[in-house]
Amino acid sequence: MTATQAVDLSLRIGSLELQNPVGTASGTYGKGLEFQPFYEVARLGYVVVKTITTEARAGNPPPRLCEIPGGLMNSIGLPNPGVDAYIETVLPKLRTLGAPLVINIAGHDIADFAILARRFAAEEGIDALELNMSCPNVSGGLDYSTDPKVAKEVLVRARAETDLPLIAKLSPNVTDIRPIAEAAVAGGADAISAINTIVGMPVDWRKRRPILGRGFGGISGPCIKPVALRMVRMLYETVDVPIIGIGGIETADDAMEFFVAGASAIQVGTANYYRPTAAIELLEGLPERIASLGATSLQEVIGTLEMP
Ligand code: SIN
């Protein structure tokens, strides 16, 4: 066995054991099934699917997407069929993916998070829940991760309904992400995922209108990577649960930046749109990079960044 083959990529998130740290970010990976023609999705560490709400949502008025230098802006608005239809029609297909399945949920209010946690906890084949506490594109969507008291309450209410690992997905649109993360962990979060998109506004000056149908939207892609890395580092130094890094990750080198900064796992998001094989190529590139640091496991490199 070569040094590269011997590298251990495994990790734990609460009670969930993952064979590797590479996942896909909610909203960028469809139902996962769309990627089956490109590679064996079961090889990924985990898959996170698009946000589900209690009721069906049509989403925001178009345009919902626009490119910007170094990234993408979206104002999608959490379109989904609602939990009942989702469990009946979509979940059976997701169970065939083979990779650990993380269902992403969002509430219209705090009680909704509890309802959704209860509904999905009763279903087979779900490995964890990611709580979308940070969607900037729906009314009140940011409220759950901008106030520590509210963040804690969301987790407490969801925790009361399930033993599934809970991942709190936080917003970068705050002065300081640390108290929000501490509150989420105090409420029962098993991990923190960061970051969701950064709020912005693309403008068409000739039309004197914002480009996106709802005006504001969320920025993702390579241009937000340094913002995400900083927040991951701050979170690593603050809370004792695994941090899942999200933000402009496309390559194995991007992922390594997040691991040394303090992430235990990562999610590939916007890159899925322009390079559908990004996540699997990233995974394939990790062992040699970890071995190049003289390490034999992912765990040995997490958080080893030397801050000035
Ligand atoms: C959306 O559906 O608007 C994007 C989801 C999110 O930013 O959380």
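Look a little higher up for the structure.
If you're wondering where the values come from, they're calculated on a predicted model, not measured in any experiment.

Caption draft 1: Local environment of helix α4 (residues 178-187). Burial in α4 covers these residues: I180, A181, A183, A184 and G187. One side of α4 carries all its buried residues, which in axial view fall inside an arc of 160°. The inward-facing, buried residues of α4 contact α3 (148-159), β9 (166-169), β10 (191-194) and α5 (225-236).

Caption draft 2: Focus on the nonpolar core. Counting 97 residues, the largest nonpolar core has I103, F120, L129, L131, M133, I192 and I266 as its most contacted members. It is helix α8 (residues 278-292) that contributes the most residues to this core, 7 residues altogether. Those residues in contact with L129 that lie beyond four places of it in its chain are V102, I103, I105, A117, F120, T162, L164, P165, L166 and I167.

Caption draft 3: The arrangement of the packing of aromatic side chains in detail. Tallied over the full model, the rule gives 4 aromatic pairs. Pairing F35 with F38 gives two aromatic rings, centres 6.3 Å apart and planes at 50°, and the pair type is tilted. Taking the relative accessible area as the measure of exposure, F38 reaches 45% and is therefore partly exposed. A centroid spacing of 5.0 Å and a plane angle of 75° characterise the contact between F113 and Y144, whose relative ring orientation is edge-to-face. Taken as a pair, F113 in helix α2 (residues 110-121) and Y144 in the loop between β8 (128-132) and α3 lie far apart in primary sequence, 31 residues in all. The class of F113 is buried, set by a relative accessible area of 0%. In this structure an aromatic cluster arises from ring pairing among Y29, F35 and F38.

Rules of the game
Residues numbered from 1 in each chain as written. Predicted model: local features only at pLDDT ≥ 70, side-chain atom pairs only at ≥ 80, totals over all residues. Heavy atoms only, no water. Buried < 20%, exposed > 50% of the residue type's maximum accessible area, 1.4 Å probe, protein only. Helix = DSSP H or I, 4+ residues; strand = E, 2+ residues; numbered from the N terminus. Arc of directions from axis to C-beta. Contact = heavy atoms within 4.5 Å. Core = buried A, V, L, I, M, F, W, Y, C linked by side-chain atoms within 4.5 Å. Phe/Tyr/Trp six-rings, centres within 6.5 Å; stacked < 30°, edge-to-face > 60°.

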